[in-house]
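The chain contents come next:
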Amino acid sequence: MVQWTDFERATIQSVFEKMDYDDVGPAALSRCLVVYPWTQRYFGNFGNLYNAAAIQGNPMVAAHGKTVLHGLDRAVKNMDDIKATYAELSVLHSEKLRVDPDNFRLLADCLTIVVAARMGAAFTADVQGAFQKFLAVVVSSLGKQYH
Amino acid sequence: MSLTAKDKKMVKAFWAKVAGKAEDIGCDALSRTLVVYPQTKTYFSHWKDLSPGSAPVRKHGGTIMGGISLAVASIDDISAGLLALSELHAFKLRVDPANFKILSHNILVVLAILFPNDFNPEAHVAMDKFLAAVGRALSEKYR
């Protein structure tokens, strides 16, 4: 089981409490599709992903970004058993969506950059450490049911 | 994944905006590397103070950014421009190349914090590609 320090627990709750999911979700997903364009392979039916402007203005990307962020909320509320919390989602991503789990890491990196931009100086090295540890656990849990 | 003409133009334009804060960027990026990826501290056992923003960290952060500046100036042939630095890293410093990715990530985080509006997705992809190219150039002479 993952051990969280008091600082890490408090930090994760605080970061997500202050976060505007409907702003950060779309920003992170659209950034991922621009910075790592091969991730677009999963969104063939999303319409125009032709360039950065199109991606950032695409309403289906925005909607899906919100879905993903609200999905992260489950881990925020169940930090002591993220693996069990995401077992079903892991099966979904593996069996139905067939997403290469390396993509979870790429999205996590983009989310870190977006949160850093929103939080500014408040995103200290210690906060970054806690946030990245949390995302690493999420990423690992989402990859657990792949076989 | 080599640098296109568009990438080079974006990197040069973005670098012109941020170069004034190069030392702060280097200091913060290196501080984050040491805190968030503690295994990187193994390269600096000879420093008295490894805490974020300490004198040796600030000085070394500045040195690193000098190398990045050189890479921007040599963007049309980064390998040639960084030849001496590549030899330094290969034969003397022997920094595991995995650490170039770690530092690059933290440089991007600091750019996002300091330039939240300018560091948009297009600037991000160009800088990510550029820093990856720098890492590759530095690893050239390793074996």
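As recorded in an unreviewed UniProt entry, chain B goes by Globin domain-containing protein and comes from Oncorhynchus tshawytscha. Per UniProt, chain B carries the Sequence similarities (unreviewed entry) text "Belongs to the globin family."

An unreviewed UniProt entry lists chain A under the name Globin domain-containing protein, from Oncorhynchus mykiss. Regarding chain A, the UniProt comment filed under Sequence similarities (unreviewed entry) reads as follows: "Belongs to the globin family."

Participant: Residue-level account of the interface of chain A and chain B, with values.
Facilitator: Between chain A and chain B, the residue contacts involve 22 residues of the former and 19 residues of the latter. Buried area between chain A and chain B, both sides added, is near 1,600 Å², and the carbon and sulfur share of it is 65%. At the junction of chain A and chain B, the tally comes to 0 salt bridges. Inspection of the chain A/chain B interface yields 8 residue pairs in polar contact (both at pLDDT 80 or more). Here the element with the most residues in the side of chain A that touches chain B is helix α7 (residues 102-119) of chain A; it accounts for 6 residues. Class assignment for the residues of the side of chain A that touches chain B results in 12 nonpolar, 7 polar and 3 charged.

Participant: Kindly report on the packing of helix α3 (residues 55-73) of chain B against helix α7 (residues 121-139) of chain B, identifying the contributing residues and their values.
Facilitator: Residues and elements named next belong to chain B. Put simply, α3 and α7 touch, their axes get as near as 11 Å, and they point 105 degrees apart. As the angle between them shows, α3 and α7 are arranged roughly perpendicular. Taking contact as the criterion, the partners of Ile68, Ala71 and Val72 in α3 are, on α7, Phe130, Leu131 and Val134. The class makeup of the residues in the contact of α3 with α7 is 6 nonpolar, no polar and no charged.

Participant: Could you give an account of the nonpolar core, naming the residues involved and the relevant values?
Facilitator: In a soluble, globular protein the nonpolar side chains are often hidden away together inside. If you look at the biggest cluster of nonpolar residues, it comprises 71 residues, and the most contacted ones within it are Phe16, Phe131 and Phe134 of chain A together with Leu111 and Phe130 of chain B. When sequence neighbours within four positions are dropped, the list of residues in contact with Phe131 of chain A reads Ile12, Val15, Phe16, Met19, Leu111, Thr112, Val115 and Phe123 of chain A. By size, the runner-up hydrophobic cluster in this structure holds 15 residues, among which are Cys32, Leu33, Tyr36 and Leu49 of chain A.

Participant: I'd like a description of helix α6 (residues 98-114) of chain B, backed by residues and values.
Facilitator: With 17 residues, α6 of chain B ought to run about 24 Å at 1.5 Å a step, and its terminal C-alpha atoms sit 25 Å apart, in line with that. Buried residues dominate α6 of chain B, accounting for 14 of its 17 residues.

Participant: For the side chain of Asn106 of chain B, give the residues involved together with the corresponding values.
Facilitator: Here Asn106 of chain B is to be found in helix α6. Of the residues examined, Asn106 of chain B reaches a relative accessible area of 0% and is grouped as buried. Only 3.0 Å separates the side chain of Asn106 of chain B from the side chain of Thr33 of chain B, close enough to count as a polar contact. Excluding residues within four positions of it along the chain, Asn106 of chain B makes contact with Gln128 of chain A together with Ala29, Arg32, Thr33 and Tyr37 of chain B.

Participant: I'd like a description of the UniProt feature "domain: Globin" (unreviewed entry) in chain B, backed by residues and values.
Facilitator: In the numbering used here, UniProt assigns the feature "domain: Globin" (unreviewed entry) to residues 2-143 of chain B. For the annotated span residues 2-143 of chain B, helix accounts for 70% and strand for 0% of the residues, and the straight-line distance between the end C-alpha atoms is 21 Å.

Participant: Give a description of the pattern of salt bridges that names residues and reports values.
Facilitator: Residue and element names in this part refer to chain B. Per the stated rule, a full pass over the model turns up 11 salt bridges over all chains. Of the charged contacts in the structure, one is a salt bridge between Asp24 and Arg58, with a shortest N-O distance of 3.2 Å. Of the two residues, Asp24 is situated in helix α2 (residues 22-36) and Arg58 in helix α3; the sequence distance between them amounts to 34 residues. Looking at Asp24, the relative accessible area reads 37%, which means it is partly exposed. Residue Arg58 is classed as partly exposed on the basis of its relative accessible area, which comes to 30%. Asp28 is the salt-bridge partner of Arg32, the closest N and O atoms lying 3.0 Å from each other. Of this pair, Arg32 and Asp28 are both found in helix α2, 4 residues apart, which corresponds to roughly one turn of the helix. Classification of Arg32 as buried rests on a relative accessible area of 3%. The network of salt bridges with shared partners includes Glu23, Asp24 and Arg58.

How each quantity is defined
- Residues numbered from 1 in each chain as written.
- Chains lettered and ligands numbered in written order.
- Predicted model: local features only at pLDDT ≥ 70, side-chain atom pairs only at ≥ 80, totals over all residues.
- Heavy atoms only, no water.
- UniProt positions renumbered as here; feature names shortened; annotations may be inferred.
- Contact = heavy atoms within 4.5 Å.
- Buried area = accessible area lost by both parts, 1.4 Å probe.
- Salt bridge = Lys/Arg side-chain N within 4 Å of Asp/Glu carboxyl O.
- Polar contact = N/O pair within 3.5 Å; in protein donor to acceptor, adjacent residues only side chain to side chain.
- Helix = DSSP H or I, 4+ residues; strand = E, 2+ residues; numbered from the N terminus.
- Nonpolar A, V, L, I, M, F, W, Y, C, P; charged D, E, K, R; others polar.
- Axes fitted to C-alpha atoms, helices over the stretch in contact; angles between N-to-C directions.
- Parallel < 35°, antiparallel > 145°, perpendicular 65-115°, else oblique.
- Core = buried A, V, L, I, M, F, W, Y, C linked by side-chain atoms within 4.5 Å.
- Buried < 20%, exposed > 50% of the residue type's maximum accessible area, 1.4 Å probe, protein only.
- Expected span 1.5 Å × (residues − 1).

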